[in-house]
Amino acid sequence: MGLLQTLGLRRSSQWENLTVLDHLLLSPLTFLTINLYHVLVWLRGRPFRPPRSKEPVRVVCISDTHDQTVEVPDGDILVHAGDLTNAGTAADIQKQLDWLNSFGHPVKIVVAGNHDSYFDRRSRLEEDVRSKAKLALGGILFLQGDMTVQEVNGRKISIFGAGDIPECGPKEFAFQYTPITQPWYNRIPPQTDILVTHTPPKHHLDLGVGCPHLLREVWRVKPRLHVFGHCHWAYGQEPIYFDDMQAAYETLLSRPRRGPVMDFIPNRSWIYMWQVVYYGVQGVVWKWLMGGPRGNQGSIMVNAAQMYGNSGRIKSRAVVVDI
């Protein structure tokens, strides 16, 4: 590890957040745009509202508990977006399932993470294969490329879940895929209200390692809520709007970073930055002065990772979203 990493001025791995110095060395223009984008999204406010004639559905989101437990608030739907364990054995997973089953949420959803090896026959550990271990799911709905429709508070909520994740480790990791074998094309049903994956989509709470194929599916389906984990340091939630500002922002982030010198030479990235500003300001004006319908045309992204970075410690910080 170099001196700058030791001093905390540069990140030491791709699984950590970029520092300010990292951003400035890669692209000051992109760093500026990222901050402008988040200010504009904040000014636009919540991208949707629960139906006025119905009681809201409270979704409690957690992920990446890695054999540990956290405080879980009450709610209508409890979602765990994968990495229940570290080793991925049936015995370890069963302990986490028993813990989740102890809660009173009427609907409990689980998808696998890359550490939950038992769920994927290709990565299942030899000890579980020899013992023919089985899991008792109880009241938990385990989703792997499946949709479930649940009636909650008089509303039908469609939930799709899958634990597939871009290749990131040894063969013992579950549901890995390569860019060639990516499984997302037209996979998610268009009526999906809540999408649960382990991998983040590209450019959203993902430390830059999210999946671009999943992002395209999110644009096609536009779920009200997308819950994921995997990238511990990217914990949090953010509203998004499926509009020109969003498209310009994601296009800019997809471009190669040119460095602090080349950024000052006019290039196409400048166009995308100004598009983010133009369309973002337009969205803010539409929201606050015109009260237009675009205020209900978006989604909430939630990275619900409970593990605090790479510390091995859990923080009780479940994310609660009303839809």
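Small disclaimer: the values here were computed from a predicted structure and weren't measured.

Rules and cut-offs
Residues numbered from 1 in each chain as written. Predicted model: local features only at pLDDT ≥ 70, side-chain atom pairs only at ≥ 80, totals over all residues. Heavy atoms only, no water. Salt bridge = Lys/Arg side-chain N within 4 Å of Asp/Glu carboxyl O. Phe/Tyr/Trp six-rings, centres within 6.5 Å; stacked < 30°, edge-to-face > 60°. Helix = DSSP H or I, 4+ residues; strand = E, 2+ residues; numbered from the N terminus. Buried < 20%, exposed > 50% of the residue type's maximum accessible area, 1.4 Å probe, protein only. Lys NZ or Arg CZ within 6 Å of the ring centre and 35° of its normal. Pairing = 2+ DSSP bridges. Core = buried A, V, L, I, M, F, W, Y, C linked by side-chain atoms within 4.5 Å. Contact = heavy atoms within 4.5 Å. Axes fitted to C-alpha atoms, helices over the stretch in contact; angles between N-to-C directions. Patch = residues over 30% accessible without salt bridge, like charges linked within 9 Å, V, L, I, M, F, W, Y side chains within 5 Å. Areas by Shrake-Rupley, 256 points an atom, 1.4 Å probe, with all protein chains shown as cover. Right-handed = clockwise from strand over helix to strand, strands pointing away.

### Digging into the pattern of salt bridges
Reasoning step 1: For the structure on display, the rule yields 6 salt bridges.
Reasoning step 2: For E172, the salt bridge goes to K171, with nearest N and O atoms at 3.4 Å.

### A look at the packing of aromatic side chains
Reasoning step 1: In this structure the tally under the stated criterion is 7 aromatic pairs.
Reasoning step 2: Aromatic side chains Y37 and Y249 sit 3.6 Å apart centroid to centroid with 5 degrees between the ring planes, which places their arrangement in the stacked category. In this pair, Y37 is assigned in helix 3 (residues 28–44) and Y249 in helix 7 (residues 244–254), connecting sequence segments 212 residues apart.
Reasoning step 3: Assessed through its relative accessible area of 1%, Y37 is described here as buried.
Reasoning step 4: Aromatic pair Y278 and Y279: ring centres 5.1 Å apart, planes at 70 degrees, arrangement edge-to-face.
Reasoning step 5: By relative accessible area, which is 25% here, Y279 ends up partly exposed.
Reasoning step 6: An aromatic cluster is present here, built from Y118, F119 and F142 joined pairwise through their rings.
Reasoning step 7: Over the aromatic face of F242 sits the side chain of K222, whose NZ or CZ is 5.5 Å from the ring centroid.

### Observations concerning the pairing of strand 13 (residues 319–322)
Reasoning step 1: Burial along strand 13 is one-sided: V319 and V321 are buried, and none of V320 and D322, which face the opposite way, are.
Reasoning step 2: Where strand 1 (residues 58–62) lies against strand 13, 4 bridges are found, and the strand directions are antiparallel. For V60, the partnering residue across the bridge sits in strand 13 and is V320.

### A short note on the nonpolar core
Reasoning step 1: The biggest cluster of nonpolar side chains holds 28 residues, and the ones touching the most others in it are Y37, W184, I188, L214 and V276.
Reasoning step 2: Broken down by secondary-structure element, the contributors of at least two residues to this core are helix 3, strand 6 (155–162), helix 6 (212–221), helix 7 and helix 9 (268–290).
Reasoning step 3: If we skip the residues at most four places from it in the chain, I188 touches F160, L195, L214, E217, R220 and V221.
Reasoning step 4: By size, the runner-up hydrophobic cluster in this structure holds 24 residues, among which are V57, C61, L143 and I194.

### Considerations on the sheet that holds strand 11 (residues 236–241)
Reasoning step 1: Pairing is mixed in the open sheet, where 6 strands are placed in the order 5-6-9-10-12-11. At either end of the open sheet lies a strand with only one pairing partner, and these are strand 5 (146–152) and strand 11. Strand-to-strand twist of the sheet, defined as the mean angle between neighbouring strand axes without regard to direction, takes the value 20 degrees.
Reasoning step 2: Inspection of the sheet shows strand 9 (residues 194–197) paired to strand 10 (residues 225–228) by 3 bridges, in the parallel sense. Counted as the bridge partner of V196 is V227 from strand 10.
Reasoning step 3: Its contacts with the sheet place helix 6 against strand 9, strand 10 and strand 12 (298–303), and it is angled at close to 170 degrees to strand 9.

### Structural notes on a nonpolar patch on the surface
Reasoning step 1: A contiguous nonpolar surface patch, about 770 Å² in accessible area, is contributed by V39, W42, L43, V281, V285, W288 and L289.
Reasoning step 2: Of all the secondary-structure elements, those providing two or more residues to the nonpolar patch are helix 3 and helix 9.
Reasoning step 3: In terms of residue count, the dominant contributor to the nonpolar patch is helix 9 (4 residues).
Reasoning step 4: When you line up the elements, L289 lands in helix 9.
Reasoning step 5: Judged by its relative accessible area of 67%, L289 falls in the exposed class.

### Comments concerning the side chain of T148
Reasoning step 1: Positionally, T148 belongs in strand 5.
Reasoning step 2: Exposure remark for T148: the relative accessible area of 11% places this residue in the buried category.

### As for the pairing of strand 10
Reasoning step 1: Every second residue of strand 10 is oriented toward a common face, with L225 and V227 on one face and H226 and F228 on the other, all of them buried.
Reasoning step 2: For the crossover from strand 9 across helix 6 to strand 10, the handedness is right-handed.
Reasoning step 3: Inspection of the sheet shows strand 10 paired to strand 12 by 4 bridges, in the parallel sense. Within the sheet, the bridge partner assigned to V227 lies in strand 12 and is V302.

### Observations concerning the sheet that holds strand 13
What links the strands of a sheet is backbone hydrogen bonding, and the strands pair in either a parallel or an antiparallel sense.
Reasoning step 1: One open sheet holds the 5 strands; their spatial order is 4-3-2-1-13, and the pairing between them is mixed. The open sheet has two edge strands with one neighbour each: strand 4 (140–142) and strand 13. In this sheet, adjacent strand axes meet at a mean angle of 25 degrees when their direction is disregarded.
Reasoning step 2: Pairing analysis gives 4 bridges linking strand 1 to strand 2 (residues 77–80), with the strands arranged parallel. The residue of strand 2 that forms the bridge with C61 is V79.

Nothing here speaks to function; it is all geometry.
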